[in-house]
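# An overview of the molecular structure
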Amino acid sequence: MCGIIGYVGDQSALDVALNGLRRLEYRGYDSSGIAVVGAGALRIARRAGKLANLEKLLSEGAEADPMPGTTGMGHTRWATHGGPTDANAHPHTDCTGAIAVIHNGIIENFAALRAELEAVGHELASETDTEVVAHLLEVELGNVAAAPAAAVPEDVTPRPIRPGTGGAPGPGASANLTAEPGTHPLTMALQRVCRRLEGAFTLVVLHRDSPEVVVGARRNSPLVVGLGAGEAFLASDVSAFIAHTREAMEIGQDQVVEARRDGVTVTDFAGEVVEGRRYHVDWDAGAAEKGGYPYFMLKEINEQPTALADTLRGRLSTDGAIVLDEERLSVQDFRDVDKVFIVACGTAYHAGLIAKYAIEHWTRLPCEVEMASEFRYRDPVLDRSTLVIAISQSGETLDTLMAVKHAREQKARVLAICNTNGSTIPRESDAVLYTRCGPEVGVASTKTFLGQVAACLLVGLYLAQVRGVLYGDEVAAYVERLQRMPDLVERTLGRLEPIRELARSLADAKAVLFLGRHVGYPVALEGALKLKELAYMHAEGFPAGELKHGPIALIEPGLPVIIVAPSPRGRAHLHGKIVSNIQEVRARGARTIVIAEDGDVVVEPYADHLIRVPATSSLFAPLVTTLPLQVFACELALARGLDVDQPRNLAKSVTVE
Ligand code: M6R
């Protein structure tokens with residue numbers, strides 16, 4: 001949700017910002033903007049719509065370098081407060097035009113702050129919550145200049161703005177004061193401003209008179225630092241600067257980072273210096289490029305065998321135990337678990353629904369799966385013996401993060417399944433298992449869904465192992481079978497041309513229904529979600545047995561219904577039931593598209609279209625049955641002329657509640 005890049009160094013800040021925004025655009029694409037400080041000026045360019053609109057604007061001027069300078073920042077927006085207009089595009093400035101701010105998140109008390117500012121004469125030009133920060137900085141720079149330096153760190157109480165105390169707009173204090181690292185006036189002003197803000201935010205700020213620094217802050221929203229030679233980057237995620245450096249630093253909750261050419265200093269909001277954790281990014285710029293594919297989504301669908309293999313690699317120690325990545329819980333803690341909750345959103349929630357079948361089957365523990373956005377508001381029953389599994393590709397989804405925080409406040413243990421090293425959810429959790437799928441840029445989750453399902457299966461086996469429900473050799477046998485799945489995924493991907501053709505032929509359909517039973521039900525939900533988000537088509541997933549309780553009224557002649565059939569071998573009783581369900585919808589005129597495993601001849605007479613997948617065991621089947629549904633949605637959306645990487649109204653990482 002909004003992509004941010006800040007830069008200080010020797011390169012053209014405009015080039016760095018534009019390249020960074022190209023990699024961050026998946027985070028939001030309602031508008032974009034850039035600010036550069038150079039030659040004594042703060043220059044800003046911003047435009048509603050996709051980044052291409054901003055690039056066009058920048059190329060229209062006569063100047064060879066429309067924004068000279070080596071300190072700057074860029075922003076790509078997913079609108080929250082105020083529509084996607086030029087005026088609401090970031091960066092936003094103060095009354096003096098000397099301070100520029102970009103922001104990701106929501107400042108919940110912005111209305112009160114705006115009223116305070118307007119009462120003392122500040123004029124705000126946009127409808128955004130962000131703009132108040134620029135004006136508050138204007139105020140606080142005046143206060144910082146007026147206050148004895150030693151008093152600043154102790155002054156942590158939010159104060160209202162009063163005329164005559166730096167509150168009224170005016171020339172503002174110059175931020176061009178030389179200072180010890182971490183005590184730059186802009187840094188100190190930002191610390192003070194952050195203490196007044198409520199909500200979630202990543203902020204990056206610049207001052208016209210301070211080309212030596214770019215300053216950032218975060219609370220409940222992502223911000224990572226890139227450390228180059230003689231340059232530093234602040235960004236929403238590492239993909240923004242991976243072309244320049246793979247050395248990164250995490251910024252913790254409620255911290256401010258002052259970046260200069262020669263290094264960075266991190267403080268808390270009270271001004272105390274704190275240590276940031278450095279790490280090396282283990283993938284390179286190529287992983288976040290299209291690599292010859294017209295869309296990231298197509299590339300990421302094809303990367304699934306590798307993503308799955310990497311997630312599973314090295315998970316079995318020599319003594320047959322399953323290996324998590326970061327374990328701040330003891331084996332005894334896992335043994336003491338008497339109930340499991342899974343919290344997640346969207347596609348990750350569907351992975352959780354699949355996990356429930358495996359966890360309950362293998363561990364005999366009750367397992368509830370809950371949409372993270374609902375979890376903390378209904379007062380779930382949690383205690384020390386509850387294990388909460390939080391699944392998130394980005395590790396920044398605010399709904400999931402808040403569920404994690406709530407669970408920990410209630411003393412539950414939290415295990416994160418996450419694809420992004422150094423992100424917030426793993427940091428806030430007691431244990432972590434990383435899906436090693438590499439960067440996923442397409443807004444629709446594909447390869448990370450497979451990674452999440454595999455990781456959940458590993459967690460299920462891990463729990464079964466430590467609790468003694470499965471023997472070591474049984475666990476090892478399951479893991480071995482899981483490790484054969486990347487090959488089956490590869491083979492499935494190689495035979496999906498029929499579903500592509502079918503998708504193209506259905507480009508004008510009004511709706512599609514998806515049915516499944518057992519683990520096929522979450523797969524049906526995932527197929528419907530993919531079609532909604534990519535093709536903007538009405539799509540619903542149902543448990544096949546539930547249809548007769550109401551939704552069957554939706555069936556009309558010609559309506560495409562996709563049915564995910566369970567294996568006739570492992571779950572023969574279920575298979576018989578779904579064959580009846582296929583006949584029920586067919587009898588009412590539906591056009592049936594059946595996803596069935598090789599050798600399932602029973603479904604043949606009832607399938608108008610039969611899509612074959614390799615046979616596998618029931619609990620692992622979603623790793624192959626999901627693939628035709630991803631391809632179906634992608635191809636149908638492309639046939640409708642839509643951008644599958646950046647569907648309308650969406651963003652990859654959802655950092656607002
Ligand atoms: O980063 P997360 O896994 O926490 O994201 C959760 C959902 O927002 C995400 O899965 C979303 O539903 C996908 N875009 C669907 O394809």
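Residues numbered from 1 in each chain as written. Predicted model: local features only at pLDDT ≥ 70, side-chain atom pairs only at ≥ 80, totals over all residues. Heavy atoms only, no water.

We now examine the overall build of the chain. The helix and strand tally for the chain stands at 19 helices and 26 strands. Taken against the 2.2 N^0.38 rule, which gives 26 Å for 657 residues, the C-alpha radius of gyration of the chain at 26 Å falls within 12% of a compact globule. Of all intrachain contacts in the chain linking residues separated by at least 6 positions in sequence, the fraction that spans at least 24 positions is 72%. Looking at the chain as shown, the accessible area adds up to about 23,200 Å², and 50% of this sits on carbon and sulfur atoms. With 64 positive and 83 negative side-chain charges, the chain shows a spacing of 5 Å between the two charge centroids. (Helix = DSSP H or I, 4+ residues; strand = E, 2+ residues; numbered from the N terminus. Rg over C-alpha atoms; globule rule 2.2 N^0.38 Å. Contact = heavy atoms within 4.5 Å. Areas by Shrake-Rupley, 256 points an atom, 1.4 Å probe, with all protein chains shown as cover. Lys, Arg positive; Asp, Glu negative; His and termini not counted. Charge placed at Lys NZ, Arg CZ, Asp CG, Glu CD.)

Quick look at the nonpolar core now. Formed by 93 residues in total, the largest nonpolar core has its most connected members in Phe334, Val340, Ile342, Trp362, Ile389, Phe514 and Leu531. Element by element, the count of residues in this core is highest for helix α13 (residues 447–466), at 14 residues. Residue assignment places this core across two domains, with domain 2 (291–483) and domain 3 (495–657) each supplying three or more. When near neighbours in sequence (up to four residues on either side) are disregarded, Phe514 contacts Ala524, Gly527, Ala528, Leu531, Ala539, Glu540, Gly541, Phe542, Ile562 and Leu629. Ranked by size, the runner-up nonpolar core spans 30 residues in total, among them Leu137, Val144, Met188 and Val193. (Core = buried A, V, L, I, M, F, W, Y, C linked by side-chain atoms within 4.5 Å. Buried < 20%, exposed > 50% of the residue type's maximum accessible area, 1.4 Å probe, protein only. Domains from an automatic or database assignment.)

Moving on to α13. The end-to-end C-alpha separation of α13 is 29 Å, in line with the 28 Å expected for 20 residues at 1.5 Å each. Of all 20 residues in α13, 20 are buried; the element is thus mostly enclosed. Just downstream of α13 lies Gly468, where phi reads positive at about 75°. (Expected span 1.5 Å × (residues − 1).)

Near the ligand there are 15 residues, and of these Ser392, Gln393, Ser394, Thr397 and Glu533 occur at the shortest range. Here an oxygen atom of the ligand and a side-chain polar atom of Ser394 are 2.7 Å apart. Taking Lys530, its side chain carries an N or O atom lying 2.8 Å from an oxygen atom of the ligand. Summarising the interface, the protein chains cover 91% of the accessible area of the ligand, which totals 410 Å² for the free molecule. At the level of elements, α9 (346–363) and α17 (520–535) are the ones that each hand at least two residues to the shell around the ligand. Residue composition of the shell around the ligand, by class: 5 nonpolar, 8 polar and 2 charged. (Near = heavy atom within 4 Å. Polar contact = N/O pair within 3.5 Å; in protein donor to acceptor, adjacent residues only side chain to side chain. Nonpolar A, V, L, I, M, F, W, Y, C, P; charged D, E, K, R; others polar.)

Attention now moves to the UniProt feature "active site" (unreviewed entry) in the chain. Under the present numbering, the feature "active site" (unreviewed entry) in UniProt falls on Cys2 and Lys652. A maximum C-alpha distance of 9.1 Å is found for the annotated residues, which run over 651 residues; spatially they form one tight group. Position of Cys2 among the secondary structure elements: in the segment before β1 (3–8). Classification of Cys2 by relative accessible area gives buried; the value is 5%. Once residues within four sequence positions are removed from consideration, Cys2 is found in contact with Arg27, Gly28, His75, Thr76, Arg77, Trp78, His103, Asn104 and Ser236. Here Lys652 shows up in the segment after α19 (622–639). Non-local contacts of Lys652, meaning those with residues more than four positions away in its chain, are made with Tyr26, Arg27, Gln393, Glu440, Val441, Gly442, Val443, Ala444 and Ser445. At 2.7 Å, the side chain of Lys652 and the side chain of Glu440 are in polar contact. (UniProt positions renumbered as here; feature names shortened; annotations may be inferred.)

If you trace the 8 strands from one edge of the open sheet to the other, you get β3-β2-β4-β1-β10-β9-β11-β15, paired in antiparallel fashion. At either end of the open sheet lies a strand with only one pairing partner, and these are β3 (41–48) and β15 (278–280). Neighbour-to-neighbour, the strand axes of the sheet open up by a mean angle of 20°, direction not taken into account. Packed on one face of the sheet, helix α1 (residues 13–24) meets β1, β2 (31–38), β4 (71–77) and β10 (231–235) and runs near 155° to β1. (Pairing = 2+ DSSP bridges. Axes fitted to C-alpha atoms, helices over the stretch in contact; angles between N-to-C directions.)

Another point: the sheet that holds strand β22 (residues 511–516). Strand order in the open sheet made by the 5 strands is β23-β22-β24-β25-β26, with parallel pairing throughout. Of all strands in the sheet, those bounded by a partner on one side alone are β23 (538–543) and β26 (609–613). Neighbouring strand axes in the sheet, compared pairwise and without regard to direction, differ in orientation by 20° on average. Pairing of β22 with strand β24 (residues 560–564), which is carried by 4 bridges, proceeds in the parallel orientation. Paired with Gly516 across the bridge in β24 is Val564. Against the sheet, α17 contacts β22, β23 and β24, and its axis sits at roughly 175° relative to β23.

Attention now goes to the domain arrangement of the chain. Here the chain is described as being made up of domain 1 (3–283), domain 2 (291–483) and domain 3 (495–657). Of note, the centres of domain 1 and domain 3, computed from C-alpha atoms alone, are 45 Å apart. Taken together, the contacts link 14 residues of domain 1 with 10 residues of domain 3. The contact between domain 1 and domain 3 buries some 1,000 Å² in all, and 52% of this surface belongs to carbon and sulfur atoms. When residues of domain 1 are sorted by the area they lose upon contact with domain 3, Tyr26, Tyr29 and Trp78 head the list and together hold 51% of the total. Between the two partners, domain 1 and domain 3, sit 1 salt bridge. Two residues, Asp643 and Lys50, come together in a salt bridge whose shortest N-O distance is 2.9 Å. Applying the counting rule to domain 1 against domain 3 returns 10 residue pairs in polar contact (both at pLDDT 80 or more). At 3 residues, strand β6 (residues 99–107) tops the list of elements feeding residues into the side of domain 1 that touches domain 3. The residue inventory of the side of domain 1 that touches domain 3, partitioned by class, reads 6 nonpolar, 5 polar and 3 charged. (Buried area = accessible area lost by both parts, 1.4 Å probe. Salt bridge = Lys/Arg side-chain N within 4 Å of Asp/Glu carboxyl O.)

Moving on to α19. When the terminal C-alpha atoms of α19 are compared, their 26 Å separation across 18 residues agrees well with the 26 Å that a helix rising 1.5 Å per residue should span. Extensive coverage of α19 is indicated by the burial of 16 of its 18 residues. Backbone geometry just after α19 places Gly641 at a positive phi near 80°.

Attention shifts here to the packing of aromatic side chains. What the rule picks out here adds up to 6 aromatic pairs. Residues Tyr7 and Phe233 carry aromatic rings whose centres are separated by 5.0 Å and whose planes lie at 45° to one another, so their mutual orientation is tilted. Placement of Tyr7 in strand β1 and of Phe233 in strand β10 is noted, with a sequence separation of 226 residues between them. Phe233 carries the same exposure label as Tyr7, and that label is buried. Ring geometry for Phe334 and Tyr462: centres 4.9 Å apart, planes at 85°, overall edge-to-face. Within this pair, whereas Phe334 is found in helix α8 (residues 331–335), its partner Tyr462 is found in helix α13, the two being separated by 128 residues in sequence. The rings of Tyr7, Phe233 and Phe241 are connected pair by pair, giving a single aromatic cluster. (Phe/Tyr/Trp six-rings, centres within 6.5 Å; stacked < 30°, edge-to-face > 60°.)

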